[in-house]
Amino acid sequence: MYRNEMTDADHIELLDALDENQGPVILSGYDNDLYNIRLKHWRREEKKVLAEMGRIRTEVIWINPVAVIKWGCRPSSRCPAYSGWILNAHYIKKPILSKDGQG
């Protein structure tokens, strides 16, 4: 459990804001039915990561269509833009986005 756990309403608000965003977005989290349904038009990738207390977990990366085009994420390869652009939904309470989607 995270110290600042998001409610279902918080997750929905975040998903609304991210899906309306005009800029590139890469979102990191764990497999979640709500995210899978709401972001089904985004590219989805999985990778094994070392999580809390040394557990191996499968992290999911959702990449919006703008990021796919901007960074040339091809369907048969991993997106090269992970570093520095990952927004982890588990650590934010409210999304902060400017009108132009540049954060």
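For the structure given in this document, a descriptive report is provided here. Worth saying up front: this structure is predicted, and the values here are computed from it rather than measured.

Considering the side chain of histidine 11
Turning to step 1, where the next piece is worked out: Within the fold, histidine 11 resides in helix α1 (residues 8–20).
Turning to step 2, where the next piece is worked out: Residue histidine 11 is classed as buried on the basis of its relative accessible area, which comes to 12%.
Turning to step 3, where the next piece is worked out: For histidine 11, the side chain forms a polar contact with the side chain of tyrosine 35, separated by 2.6 Å.
Turning to step 4, where the next piece is worked out: In this view, histidine 11 contacts Met6, Leu34 and Tyr35; residues no more than four positions away in its chain are not counted.

Remarks on the pairing of strand β2 (residues 43–50)
Turning to step 1, where the next piece is worked out: In the sheet, β2 pairs with strand β3 (residues 56–63) via eight bridges, with the strands oriented antiparallel. Bridging across to β3, arginine 44 finds its partner in tryptophan 62.
Turning to step 2, where the next piece is worked out: The hairpin turn running from β2 into β3, its antiparallel successor, is five residues long, and methionine 53 in that turn takes a positive phi close to 55 degrees.

Details of the packing of aromatic side chains
Turning to step 1, where the next piece is worked out: Overall, the coordinates contain one aromatic pair when judged by the stated rule.
Turning to step 2, where the next piece is worked out: Measuring from ring centre to ring centre gives 5.4 Å for tyrosine 35 and tryptophan 62, while their planes differ by 40 degrees; the resulting arrangement is tilted. Within this pair, whereas tyrosine 35 is found in helix α2 (residues 33–38), its partner tryptophan 62 is found in strand β3, the two being separated by 27 residues in sequence.
Turning to step 3, where the next piece is worked out: Taking the ring centre of tyrosine 30 as reference, the NZ or CZ of arginine 57 above it sits at 3.6 Å.

Here is what the cut-offs are and how they apply
Residues numbered from 1 in each chain as written. Predicted model: local features only at pLDDT ≥ 70, side-chain atom pairs only at ≥ 80, totals over all residues. Heavy atoms only, no water. Helix = DSSP H or I, 4+ residues; strand = E, 2+ residues; numbered from the N terminus. Buried < 20%, exposed > 50% of the residue type's maximum accessible area, 1.4 Å probe, protein only. Polar contact = N/O pair within 3.5 Å; in protein donor to acceptor, adjacent residues only side chain to side chain. Contact = heavy atoms within 4.5 Å. Pairing = 2+ DSSP bridges. Phe/Tyr/Trp six-rings, centres within 6.5 Å; stacked < 30°, edge-to-face > 60°. Lys NZ or Arg CZ within 6 Å of the ring centre and 35° of its normal.

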